[in-house]
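Structure at a glance
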Amino acid sequence: MLKWFITIFMLLGLYLPAQAAQTESLDTGRVNASLISDHNSVSPGQSFYIALRTELDEHWHTYWQNPGDSGEPVQINWVLPEGMGAGEIVWPLPRTLATGPIINYGFEGIPVFPVKFTAPNTAQIGETLSITADFYYLVCKVLFILENANLTLDFKIVVSEFDTSWDPANLFAIMNSPNSAYTAVP
């Protein structure tokens, strides 16, 4: 369920560029790749997601973490600032891709591969952190083709701000105000 939520969140992030950092799209041959993030700036120690967004040409596919009978999964090697942590790819759900007697698992269309990061606790306010993804993937229509590239996404380190409109006590007060369309259950 978490993987589904993260995938949907990242996909929604594609349509909210003012709230997220994103690189320019890079054509690697049969795929347009970019990095997207759910934040455009981060605080020291803050967790956030960056995803490799791939837009495959029509009828081409790439592979899941368990590619099946053939293929190789998407690989991302991160070049990170000192003290930054990165998790593993949160894999979206694959499709079954049958090619004759061969059964593979992978993706067509616009798959997104999110990874959780944690900014270094030692990051200084005003500093810019650069995160580079060196990635490759096999794409296939009839034959395998290896495509690779690297992209860099920069994040400004800022002071953390808490949005009080999402504070549970504030939401409860808004829901119970005389002008509210909602009524909280006690």
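Residues numbered from 1 in each chain as written. Predicted model: local features only at pLDDT ≥ 70, side-chain atom pairs only at ≥ 80, totals over all residues. Heavy atoms only, no water.

What follows concerns the side chain of T23. With respect to the helices and strands, T23 occurs in the loop between α1 (2-13) and β1 (26-27). Residue classification places T23 among the buried residues on the basis of a relative accessible area of 11%. A polar contact is formed between the side chain of T23 and the backbone nitrogen of L35, at a distance of 2.9 Å. Excluding residues that lie within four positions of it along the chain, T23 makes contacts with S34, L35, L151, T152 and L153. (Helix = DSSP H or I, 4+ residues; strand = E, 2+ residues; numbered from the N terminus. Buried < 20%, exposed > 50% of the residue type's maximum accessible area, 1.4 Å probe, protein only. Polar contact = N/O pair within 3.5 Å; in protein donor to acceptor, adjacent residues only side chain to side chain. Contact = heavy atoms within 4.5 Å.)

Residues F48, I50, L52, W78 and F135 are the most contacted members of the largest nonpolar core, which totals 33 residues. The element best represented in this core is strand β11 (residues 128-140), accounting for 6 residues. Setting aside chain neighbours within four positions, we find F48 in contact with S37, D38, H39, V42, M84, V115, K116, F117, T118, A119, I131 and F155. (Core = buried A, V, L, I, M, F, W, Y, C linked by side-chain atoms within 4.5 Å.)

Of all 10 residues making up strand β4 (residues 47-56), 8 are buried, and the element is well covered by its neighbours. Pairing analysis gives 7 bridges linking strand β2 (residues 31-37) to β4, with the strands arranged antiparallel. Bridge assignment links N32 to a residue of β4, and that residue is E55. Of the strand pairs in this sheet, β4 and strand β10 (residues 112-118) are connected by 7 bridges, and their pairing is antiparallel. Bridge assignment links I50 to a residue of β10, and that residue is V115. (Pairing = 2+ DSSP bridges.)

To continue, consider the sheet that holds strand β9 (residues 102-107). If you walk across this open sheet you meet the 3 strands as β5-β9-β8, and the pairing is antiparallel. Unpaired on one side and paired on the other, β5 (62-68) and β8 (95-99) mark the two borders of the sheet. Between one strand axis and the next, the sheet turns through 50° on average, direction left out of account. Two elements, β5 and β9, share 3 bridges in a ladder whose sense is antiparallel. Residue pairing for β9: G68 is matched across the bridge by N104. (Axes fitted to C-alpha atoms, helices over the stretch in contact; angles between N-to-C directions.)

Here the phi dihedral of H59 falls at roughly 75°; this positive angle occurs in a residue that is not glycine. Mapped onto the elements, H59 comes out in the loop between β4 and β5.

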